[in-house]
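# Close look at the chain arrangement
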Amino acid sequence: MSVDVDLTPLYESLEANELDGYLIDDDASDSDQRYVSGFTAPDPYQTLVARDGIHLLVSGLEYGRASTDSSADSVTRYSAYDYQELVAEYGSSEARYRMLAAFLDDYGVDSIAVPRSFPTGTADGLREQDVSVTVEPEGIIERIRATKTDWELEQIRASQRANEAAMATAEELIATAAVEDGTLLRHGEPLTSERVKTEIEITLLRHGCGLDDTIVACGADGADPHDRGSGPLEADELIVIDIFPRNKETGYFADMTRTFARGDPGEEARRRYDVTKNAYEAALEAVEAGVTGADVHGVACDVIEDAGYATLRSDPSTETGFIHSTGHGVGLDIHEEPSVSPSGGELEAGHVISIEPGIYDPAVGGVRIEDLVVVTEDGHENLTEYRVGLEPKSE
């Protein structure tokens, strides 16, 4: 991974709090660690941000790959601290704490900040080794990650192109399906949510991406924003398709939702689709550096409320209408900073966010339209090139 990491805000925080370094102890599932170290591994490894650079501590199994692939200034293996001998003498847990303390001491680190997710046992074990451990509550690295470099934007664009290919596969299946007794058929068998999700996932794999939790939700299922959907897809019903793949090599996500209806879902469903589209367009128009995520969310709420539908702003207890936020940051995590919600802070150039208003009611179904955009100084660049339309089309 080739992110040009600028950790200036982290260094400033360490200096202001008179701390020597910042330590992450996790595996590749921790996006902050992946971002800082440029390395991933299935087992836990340690990343230290010290005054003189970034240093990795890894098992012998990962040493060769970390030395080649990571962006760290140094890579040290456990054996440099006689780890197995420590295990024999102290047991695995205390041996690990002693090894980490020695690793920190090598870089002149007596006091560290750690993320909120830092293992409690490790923190207590380091304190027993006379290392001062302070939990950093602000999520500084996640805030740094929110502003994407040009390289990161290219990776997200690539993931979104894969996403669009997968959406085209799904749309083609729906558009070309036969209809019998209100059910969509493929080769004489019901076209199910599961079948469409399988074809989506196959397409993503062919484009270097993966995803296990695609949403293809028809009718009442689509009225729950996170219902994955199941069973046969029906004609004359709204079908929500939400795809959020991750590139297997770079780790960067994409995100896109479209809503289709094969046939006529009814006047009310079409009206809800039009209102959602208007809210989506208005929210996109509101995006630019300097506005807040709360501002953009408010614009979407204005359109939906003016059309006569509830939002959580107008009725915090509503179970129908617009029942989620307008969007979220996307990068190494599918949900990260910034937030496009009632609590969303100021948007900055380089932020990548989703814009995804929706209207939901089990009696009608769900509608959601979502694009992925990068905030610019005077507006936004839409990273999504896929058309918006209710009627599915075949190429």
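Residues numbered from 1 in each chain as written. Predicted model: local features only at pLDDT ≥ 70, side-chain atom pairs only at ≥ 80, totals over all residues. Heavy atoms only, no water.

## Here we look at the side chain of Asp361
Formally: Here a helix means four or more residues in a row that DSSP labels H or I, a strand means two or more in a row labelled E, and each is numbered from the N terminus. Working definition: with a 1.4 Å probe on protein chains only, accessible area under 20% of the residue-type maximum means buried, over 50% means exposed, and in between means partly exposed. Any N or O atom pair separated by 3.5 Å or less is treated as a polar contact, with the protein-specific requirement of one donor-capable and one acceptor-capable atom, and with residues adjacent in sequence counted only for side-chain atom pairs. Residue contacts are defined here by distance: any two heavy atoms, one from each residue, within 4.5 Å place the two residues in contact.
Its place among the elements puts Asp361 in strand β18 (residues 358–361). Residue Asp361 is classed as buried on the basis of its relative accessible area, which comes to 18%. For Asp361, the side chain forms a polar contact with the main-chain nitrogen of Ala363, separated by 3.0 Å. The residues touching Asp361, leaving out its near neighbours within four places in the chain, are Ala223, Arg272 and Thr320.

## Details of the nonpolar core
Selection criterion: Side-chain atoms within 4.5 Å are what join buried Ala, Val, Leu, Ile, Met, Phe, Trp, Tyr and Cys residues into a set we call a nonpolar core.
In terms of nonpolar packing, the biggest core is built from 63 residues, with Leu10, Ile200, Leu233 and Ile241 touching the most fellow members. At nine residues, helix α8 (residues 150–176) tops the list of elements feeding residues into this core. In this view, Leu233 contacts Ile174, Thr183, Leu184, Leu191, Thr192, Ser193, Val196, Val216, Cys218 and Ile239; residues no more than four positions away in its chain are not counted.

## Regarding unusual backbone geometry
Backbone geometry follows two general trends: most residues other than glycine have a negative phi, and most peptide bonds adopt the trans configuration. Looking along the chain, the bond that leaves Glu337 and enters Pro338 is cis, with omega of 0 degrees. Here Pro338 lies in strand β16 (residues 336–340). The residue His187 is not glycine, and still its phi comes out positive at about 55 degrees. Tracing the chain through its elements places His187 in the loop between β8 (183–186) and β9 (189–190). You can call His187 exposed: its relative accessible area is 72%.

## Considerations on the sheet that holds strand β6 (residues 132–135)
The condition that has to hold: Note on pairing: DSSP must find at least two bridges between two strands before they are called paired. Lines fitted to C-alpha atoms define the axes, with helix axes restricted to the stretch in contact, and inter-axis angles between N-to-C directions lie between 0 and 180 degrees.
In spatial order, the strands read β4-β3-β2-β1-β5-β6; together these six strands make up an open sheet with mixed pairing. Two strands bound the open sheet, and with one partner strand each, they are β4 (74–77) and β6. On average, each strand axis in the sheet is inclined to that of its neighbour by 25 degrees, with strand direction left out of account. Relative to β6, strand β5 (residues 111–114) runs parallel, the two being bridged by four bridges.

## Focus: the sheet that holds strand β11 (residues 215–218)
Pairing is antiparallel in the open sheet, where three strands are placed in the order β11-β12-β14. Two strands bound the open sheet, and with one partner strand each, they are β11 and β14 (256–261). Each strand of the sheet is rotated relative to its neighbour by a mean of 15 degrees, with strand direction disregarded. Pairing of β11 with strand β12 (residues 238–243) involves four bridges; the strand directions are antiparallel.

## Quick notes on a negative patch on the surface
Going by this rule: Patch membership needs two things, relative accessible area over 30% and no salt bridge, and members are linked within 9 Å if like-charged or within 5 Å if nonpolar (Val, Leu, Ile, Met, Phe, Trp, Tyr). Using a 1.4 Å probe, accessible areas were evaluated by the Shrake-Rupley method; residue-level cover was limited to the displayed protein chains. Salt bridges are counted wherever a side-chain nitrogen of Lys or Arg sits within 4 Å of a carboxyl oxygen of Asp or Glu. The charge count includes Lys and Arg as positive and Asp and Glu as negative, but it does not include His or the ends of the chains. Taken as the charge centre is NZ of Lys, CZ of Arg, CG of Asp or CD of Glu, depending on the residue.
A cluster of acidic residues, Glu285, Glu288, Glu377 and Asp378, forms a negative patch on the protein surface. The topology assignment puts Glu288 in the loop between α10 (267–286) and α11 (293–306).

## Describing the packing of aromatic side chains
The condition that has to hold: When two rings of Phe, Tyr or Trp (its six-membered ring) have centres within 6.5 Å they constitute a pair, described as stacked for plane angles under 30 degrees, edge-to-face for angles over 60, and tilted for the intermediate range. The rule is short: NZ of Lys or CZ of Arg within 6 Å of the ring centre and within 35 degrees of the ring normal puts a charge over the ring.
Evaluation of the coordinates by the stated rule reveals five aromatic pairs. Geometrically, the ring pair formed by Phe39 and Tyr45 is edge-to-face, given 5.2 Å between the ring centres and 75 degrees between the ring planes. Here Phe39 and Tyr45 have matching classes, each one buried. Taking the centre distance of 5.6 Å and the plane angle of 75 degrees together, the rings of Phe103 and Tyr107 count as edge-to-face. Using a relative accessible area of 0% as the deciding quantity, one classes Phe103 as buried. Tyr107 gets classed as partly exposed once you look at its relative accessible area, which sits at 22%. What links up through ring pairs into an aromatic cluster is the set Tyr81, Phe103 and Tyr107. The lysine or arginine in question, Arg77, covers the ring of Tyr63, its NZ or CZ lying 3.7 Å from the ring centre. One residue, Arg98, lies across the ring of Tyr90, its end atom 3.9 Å from the ring centre.

## Examining the pattern of salt bridges
Enumeration according to the criterion identifies 24 salt bridges in this entry. Residue Glu385 pairs with Arg161 through a salt bridge whose shortest N-O separation is 4.0 Å. A residue pair is termed long-range when its members are at least 10 positions apart, and Glu385 in the segment after β21 (379–382) and Arg161 in helix α8 qualify at 224 residues. Look at Glu385 and you get exposed, because its relative accessible area is 62%. Among the residues examined, Arg161 registers a relative accessible area of 27% and is labelled partly exposed. Asp361 serves as the salt-bridge partner of Arg272, at 3.7 Å between the closest nitrogen and oxygen. A residue pair is termed long-range when its members are at least 10 positions apart, and Arg272 in helix α10 and Asp361 in strand β18 qualify at 89 residues.

## Some details on the pairing of β21
A regular strand places its side chains so that they alternate between the two faces of the sheet. Note that strand β20 (residues 371–376) and β21 share four bridges and pair antiparallel. Each bridged residue has a counterpart across the sheet, and for Val375 the counterpart in β21 is His380. Linkage of β20 to β21, two consecutive antiparallel strands, is achieved through a turn of two residues.

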